[in-house]
Amino acid sequence: MKKLIIYFLLISLFLSDIVFSQTTTTSTPEEGGSQIVTTSTSTPQLEKIKERLEKVKKNIAKIKNKTKRTIAEKIYLRINELNQKLTDHYLNVLDQLQKVLVGITERADRSASRGIDVSLAREKINLAQEAIDKAKEEVQKQKDKIYELPQVSTETKLKSAVGNIRKQFHSDIKAVEAMVKEARDITHKAVTTLVQNIKGITTTTTTTTEETSTTTTTTTPTTTNSQ
């Protein structure tokens, strides 16, 4: 029983340690805001983003200030690169959650075979699976997005356009991040519910130390404003 409790405690701690990527920003005086800084490796989607840069260049070609055009092009690339980096990370987090869910499902099956009522835990497991599947779908949609600058003819409109894609990206990425967090939290509840189900059956044979060991601590993932 002690090994079982330790097993679930480790899973809970693992869930608590799943954190979300932080981004570093530096000031861009010309655009009056933060410039996104990130690194990435080449992927088919990133190649597509770079190809679409030619369209962006045409859309802002009427802007006379070359420096501002260059800054806008870099921001376009960096926002889209950051989108790829974050969505790749979120998909990886969801894959880890899926592995945890498979593990506790197997544990629930073994517990049920010994006559332990794990029906409530199974309900939580099903909810967690639904949350993971939904989050994966939305993260993949976000990964497929490309943020482009529209056709503009003045520096004022360019500044506004850059600000708009920053705001849109930030709003979109926060939405999918929230779904990943929700999937993590629901998976955590499935873990703790299964532990509680098992404890409820075996409480008379569990020592005080073992009961205390089931206490878990969760941490709130931190993110840096992507704009």
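My aim in this report is to walk through the structure given alongside it, one point at a time. Predicted, not measured: the structure shown is a model, and the values here were computed from it. (Residues numbered from 1 in each chain as written. Predicted model: local features only at pLDDT ≥ 70, side-chain atom pairs only at ≥ 80, totals over all residues. Heavy atoms only, no water.)

In this section: the overall build of the protein. Within the protein, the regular secondary structure consists of six helices and two strands. Starting at the N terminus and walking to the C terminus, you meet the elements of the protein as α-β-β-α-α-α-α-α. Across the 227 residues of the protein, 44% fall into the buried class. When the accessible surface of the protein is split by element, carbon and sulfur atoms take 51% of a total near 12100 Å². (Helix = DSSP H or I, 4+ residues; strand = E, 2+ residues; numbered from the N terminus. Buried < 20%, exposed > 50% of the residue type's maximum accessible area, 1.4 Å probe, protein only. Areas by Shrake-Rupley, 256 points an atom, 1.4 Å probe, with all protein chains shown as cover.)

Scanning the entire structure with this criterion turns up twelve salt bridges. One salt bridge in this structure joins arginine 52 and glutamate 148, with 2.2 Å as the shortest N-O distance. One end of the pair, arginine 52, is in helix 2 (residues 44-59); the other, glutamate 148, is in the loop between helix 4 (119-143) and helix 5 (155-202), and 96 residues separate them in sequence. Across the pair lysine 143 and aspartate 88 runs a salt bridge, and its minimum N-O distance is 2.6 Å. Of this pair, lysine 143 sits in helix 4 while aspartate 88 sits in helix 3 (residues 66-113), placing them 55 residues apart in sequence. Judged by its relative accessible area of 15%, lysine 143 is buried. A network of salt bridges, in which partner residues are shared, links Arg52, Lys55 and Glu148. (Salt bridge = Lys/Arg side-chain N within 4 Å of Asp/Glu carboxyl O.)

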